[in-house]
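# Chains, contacts and geometry: an overview
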Amino acid sequence: MTTPNFPESTLAPFALDDAARAALFTSARSAIAFDDRPVDPALVTRAWDLAKFGPSSMNTQPLRLVAARSDAARAAVIESAMPGNRPKLERAPLLLVAAHDDRFHDHHEHIAPGMAGFHERFESNPEMRAGLAHSGAMLQLGYLIVALRAEGLALRPYGGFDKAALDASLMPAGWRSEVILGVGHPAAGDDLSGDRRGRIAAEVGVREL
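Residues numbered from 1 in each chain as written. Predicted model: local features only at pLDDT ≥ 70, side-chain atom pairs only at ≥ 80, totals over all residues. Heavy atoms only, no water.

Another aspect to go through is the overall build of the protein. Secondary structure assignment for the protein yields 9 helices and 4 strands. Counting from the amino terminus, the protein carries its helices and strands in the arrangement α-α-β-α-α-β-α-α-α-β-α-β-α. Compactness check: the protein gives a C-alpha radius of gyration of 19 Å against a globular reference of 17 Å for 209 residues, within 12% of the reference. Across the 209 residues in the protein, those meeting the buried criterion constitute 38%. Pairs at least 24 residues apart make up 79% of the contacts formed inside the protein by residues separated by at least 6 positions. Here the protein has roughly 12,500 Å² of accessible surface; of this, 56% comes from carbon and sulfur atoms. (Helix = DSSP H or I, 4+ residues; strand = E, 2+ residues; numbered from the N terminus. Rg over C-alpha atoms; globule rule 2.2 N^0.38 Å. Buried < 20%, exposed > 50% of the residue type's maximum accessible area, 1.4 Å probe, protein only. Contact = heavy atoms within 4.5 Å. Areas by Shrake-Rupley, 256 points an atom, 1.4 Å probe, with all protein chains shown as cover.)

Read across the sheet, 4 strands follow the order β1-β2-β4-β3 without closing on themselves; strand pairing throughout is antiparallel. The outermost strands of the open sheet, each flanked by one partner alone, are β1 (63-68) and β3 (154-158). Taking each pair of neighbouring strands and ignoring which way they run, the sheet shows an average axis angle of 30 degrees. (Pairing = 2+ DSSP bridges. Axes fitted to C-alpha atoms, helices over the stretch in contact; angles between N-to-C directions.)

Attention now moves to the packing of aromatic side chains. All chains considered together, the criterion is met by 2 aromatic pairs. A ring pair is formed by Phe104 and Phe122, whose centres lie 5.1 Å apart and whose planes are at 70 degrees; its orientation type is edge-to-face. Pair noted here: Phe104 is in the loop between β2 (94-101) and α5 (108-111) and Phe122 is in helix α6 (residues 118-123), with a separation of 18 residues, a long-range link. When sorted by exposure, Phe104 lands in the same class as Phe122, which is buried. Relative to Phe122, the ring of Phe118 has its centre 5.1 Å away and its plane inclined at 65 degrees; by these criteria the two rings are edge-to-face. Of this pair, Phe118 and Phe122 both sit in helix α6, 4 residues apart, which is roughly one turn of that helix. The pair formed by Phe118 and Phe122 is uniform in burial state, with each residue classed as buried. Across from the ring centre of Phe122, 5.8 Å away, lies the NZ or CZ of Arg121, which sits over that ring. (Phe/Tyr/Trp six-rings, centres within 6.5 Å; stacked < 30°, edge-to-face > 60°. Lys NZ or Arg CZ within 6 Å of the ring centre and 35° of its normal.)

Note that every value here comes from positions in space, so none of it alone points to a role or purpose.
Quick look at the structure:
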């Protein structure tokens, strides 16, 4: 597989307008209320094709995604979840499982063409590989969440589930589940998210040194 050659960007520097910032961040919620429309697979593909351009360490791109669309796959996801999360997942039209690929380095000819020793470095150090696969996938998941919102979708991430059970029942070989996403088109009117909880202010979370 060859790496595409993109033309050099001619876009001038820009900032998102207030409407885009609201849609992606300030007004977006971790939704549990959706309308009845199914989620078109093309929207997930479009979101993936946006998120994949976010930077990852050494361009390793370890994030993988399972779209649980069949009844059996949905049941496996829901059954793996903590009891309190199951009703929320049942309401989501689409369940996505974000995972990392422990064998991401097998794609070295595509993601690291010409980088001598790339595959051997990770093959010989499984502990380093596992750590980077996890941290890199979680970094990419942040991009994916914003990209799904950019496609007009609402979602909620869930970390409370039996990863080993879900890996055994649903994941391809070498993929390890990280986070479940309940995804759909946002319901009109009031949702079930409740009042927005507080956020850490920059005065607390940012230090200028």
